[in-house]
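# Structural overview for review
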Amino acid sequence: ALQFGPRLNAATELLDRWVAQGQGDRPCVQGAGVKWSYADLQAEANRIANVLVNELGVVPGNRVLLRGANTPQLAACWFAVIKAGAIAVATMPLLRAVELGKVIAKAEVSHALCDAALADELAAAQQQNPVLRGICLFRSGEPDGLEARAARHPASFTNVDTASDDCALIAFTSGTTGQPKGTMHFHRDIIAICRCWPPHSLRAEASDVFIGSPPLAFTFGLGGLLLFPMSVGASTVLLEKAAPELLLKAIVEHRATVCFTAPTSYRAMAPLVAQHDIASLRKCVSAGEALPAATRALWKEKTGIELLDGIGATELLHIFISHTEATARPGATGKPVPGYRACILDDAGRALPPGQIGHLAVKGPTGCRYLADGRQRQYVHDGWNLTGDAYLVDADGYYVYQARTDDMIISGGYNIAGPEVEAALLSHPAVAECAVIGVPDAERGQLVKAFVVLREGHAGDAKALQEHVKASIAPYKYPRAIEFRSSLPRTETGKLQRFKLRET
Ligand code: 3UK
């Protein structure tokens with residue numbers, strides 16, 4: 001199923017196929033005031049592709065920046081770029097001009113399709129980066145806006161006959177630290193991720209309604225909220241805003257059946273579930289960060305649903321270790337997704353036996369291709385992708401997350417994985433959110449420090465939390481310092497920014 005012919009255009013496979021098979025009337029994508037069938041999305045994407053090629057002068061291989069909150073219009077732009085044989089460079093909505101400028105320069109972006117609501121920062125970035133020749137705005141309502149231009153073009157377009165290993169998208173890492181890194185993915189990679197994890201773990205059907213929070217600029221969102229539903233002929237709801245309570249309301253309104261979001265969002269939704277009729281929901285996917293056993297238990301208690309956890313990475317495009325509802329194991333990520341292999345390596349690159357913590361290495365149909373960047377040799381060794389995560393394999397072959405390799409804490413000679421301490425803290429009823437880091441300490445090298453956000457109605461009792469951790473996991477791991485906060489720094493993708501806590 002993972003063999004591809006020499007020619008492949010991902011838009012033909014995911015979008016045009018349904019119309020060609022007479023299924024064009026099926027609901028496809030809704031949000032931002034529109035509700036489109038597969039035929040509607042195809043027509044929109046075709047018209048925009050005609051604008052790209054005939055008005056903006058886009059040729060195959062050009063890099064087209066996409067910018068906007070999650071909307072059907074953004075999805076149409078994405079498919080238009082793929083159809084035109086150009087390369088989609090989707091950007092996170094919160095990026096500012098300086099960061100956009102880096103993306104434009106690194107990816108040599110020549111054109112941009114941008115939601116009018118987010119035009120200012122892009123215009124500022126263009127001033128510093130004239131390599132970006134043309135910006136066309138959508139949802140502007142203006143006579144020279146994308147929709148008005150598109151309406152003057154036919155609803156048909158012959159997809160560019162791309163090679164299966166032509167680059168289709170450049171995804172930038174969300175960057176928990178440092179500089180954004182661009183990763184290239186081919187047309188066949190887009191189809192490969194639809195054939196690996198979803199049929200194995202998700203097993204969605206054409207009648208499913210997908211919903212969730214991750215931006216389409218994050219490959220977790222691109223797959224979960226656009227590619228995966230379309231690969232099975234299902235429909236998807238794209239939300240411009242998907243904070244926990246809004247997401248719950250939208251699940252109710254759209255009778256959504258499949259939800260994609262991050263662990264922190266499940267924790268925030270859990271106490272609100274009782275006030276919302278989310279009986280339609282049948283599958284919930286968690287990724288982006290480790291899923292603590294307490295969060296899995298909490299969500300199951302409130303909804304009856306066993307969360308599907310999966311580790312993915314921008315470098316590998318999507319999820320490569322996961323499980324099914326039946327094989328979920330609290331505290332473990334799961335086993336390699338069929339098509340992928342994984343192993344744990346020591347610092348010298350030798351395979352480690354079960355039970356020992358080392359570097360996670362992954363090989364499969366997708367893999368890391370950094371844009372001209374010396375980092376390629378750090379991430380890929382002999383075809384194995386080193387994700388930067390510390391993991392162990394248990395006796396049953398389950399992969400158990402420890403920490404980002406550079407987040408491991410060394411205190412008093414012990415290696416301590418912050419996320420394990422976080423998971424222990426999260427099983428205490430007073431803890432809503434927490435982050436554990438190592439802080440410099442003259443005596444112990446590093447000291448385990450926890451930042452804790454309390455649940456409503458609970459008082460901050462550091463001693464009680466410390467005792468709770470000592471009773472849950474090896475006592476030497478307990479946080480010797482605890483600071484209470486009203487919130488924690490997170491990326492737009494729901495990841496804790498531990499480096500920001502270390503800076504303070
Ligand atoms: C961490 C996880 C434990 C891990 C992503 C699903 O997160 C995604 O991509 P990024 O490039 O970050 C990759 C890193 O995030 N991580 C992600 N999921 C898990 N750690 N358990 C998890 N379930 O450190 C990994 O190396 O932002 C996730 C699909 C597509 C993605 N791009």
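Residues numbered from 1 in each chain as written. Predicted model: local features only at pLDDT ≥ 70, side-chain atom pairs only at ≥ 80, totals over all residues. Heavy atoms only, no water.

## A few points about helix α4 (residues 97–107)
This is how the line gets drawn: Only protein chains enter the accessibility calculation, which uses a 1.4 Å probe. A residue is then buried if its area is under 20% of the maximum for its type, exposed if over 50%, and partly exposed in between. Helix and strand assignments follow DSSP, with helices taken as H or I runs no shorter than four residues and strands as E runs no shorter than two, numbered in order from the N terminus. It is the directions from the helix axis to the C-beta atoms that the arc portrays. Should any heavy atoms of two residues lie within 4.5 Å, those residues are counted as being in contact.
Among all positions of α4, only A97, L100, G101, V103, I104 and A107 are buried. Viewed along the axis of α4, the buried residues span an arc of 165°, placing them on a single side of the element. Tucked inside the fold, the buried residues of α4 contact β3 (63–67), β4 (87–91), β5 (109–115), α5 (119–128) and β7 (167–172). At the exit of α4 stands E108, carrying a positive phi of roughly 45°.

## Remarks on the nonpolar core
A general feature of soluble globular proteins is that nonpolar side chains tend to end up buried together. Filter applied, for reference: Only buried residues count toward a nonpolar core. Its members are Ala, Val, Leu, Ile, Met, Phe, Trp, Tyr and Cys residues joined through side-chain atoms within 4.5 Å.
With 111 residues, the main nonpolar core has L66, W78, F79, L113, F260 and L360 as its most contacted residues. No other element matches helix α3 (residues 72–83), which puts nine residues into this core. Once you skip the residues sitting within four places of it in the chain, L360 turns out to touch I311, F320, I321, A342, C343, I344, N385, L386, T387, D389, Y391 and Y399. One finds L248, A256, M269 and L307 within the second-largest nonpolar core, a separate group that totals 23 residues.

## A word on the pairing of strand β23 (residues 431–441)
Keep this limit in mind: Two strands pair under a simple rule: DSSP has to find at least two bridges between them.
Within β23, nine of the eleven residues are buried, leaving the element largely enclosed by the surrounding structure. Across ten bridges, the pairing between β23 and strand β24 (residues 445–454) is antiparallel. Following the sheet pairing, A435 is matched in β24 by F451.

## A short note on the sheet that holds strand β12 (residues 283–286)
Hydrogen bonding along the main chain pairs the strands of a sheet, whether they run parallel or antiparallel. Sheet architecture is open: nine strands sit in the order β2-β1-β10-β9-β11-β12-β13-β14-β15, paired in mixed fashion. Of all the strands in the sheet, the pair left with one neighbour each is β2 (34–37) and β15 (335–336). Where strand β14 (residues 319–322) lies against β15, two bridges are found, and the strand directions are antiparallel. Within β15, the position partnered with S322 by the bridge is K335.

## What to know about the domain arrangement of the chain
For the record, the criterion: Where each domain starts and ends follows an automatic or database-derived domain assignment.
Taken as a whole, the chain is organised into domain 1 (10–186) and domain 2 (408–503). The C-alpha centroid of domain 2 is placed 41 Å from the C-alpha centroid of domain 1.

## A few points about the packing of aromatic side chains
Stated formally: Classification of ring pairs uses Phe, Tyr and Trp, with its six-membered ring standing for Trp, and accepts pairs whose centres are within 6.5 Å; under 30 degrees between planes counts as stacked, over 60 as edge-to-face, and the remaining range as tilted. Only lysine NZ and arginine CZ atoms are considered, and such an atom sits over a ring when it is within 6 Å of the ring centre and within 35 degrees of the ring normal.
Going through the model one piece at a time under the given rule, you end up with twelve aromatic pairs. A centroid spacing of 5.9 Å and a plane angle of 55° characterise the contact between W18 and Y38, whose relative ring orientation is tilted. Separated by 20 residues along the polypeptide, W18 in helix α1 (residues 10–20) and Y38 in helix α2 (residues 38–55) bring together distant segments of the chain. The same class applies to W18 and to Y38, which are both buried. Arranged with centres 5.8 Å apart and planes meeting at 40°, the rings of W197 and F228 form a pair that is tilted. Residue W197 is found in helix α7 (residues 187–202), and its partner F228 is found in helix α8 (residues 219–231); the two are separated by 31 residues along the sequence. As far as the burial class goes, W197 and F228 line up, both buried. An aromatic cluster is defined as three or more aromatic residues linked by ring pairs; in this entry it consists of W197, F210, F218, F220, F228 and F260. Taking NZ or CZ as reference, R17 lies 4.4 Å from the ring centre of W18, over its face.

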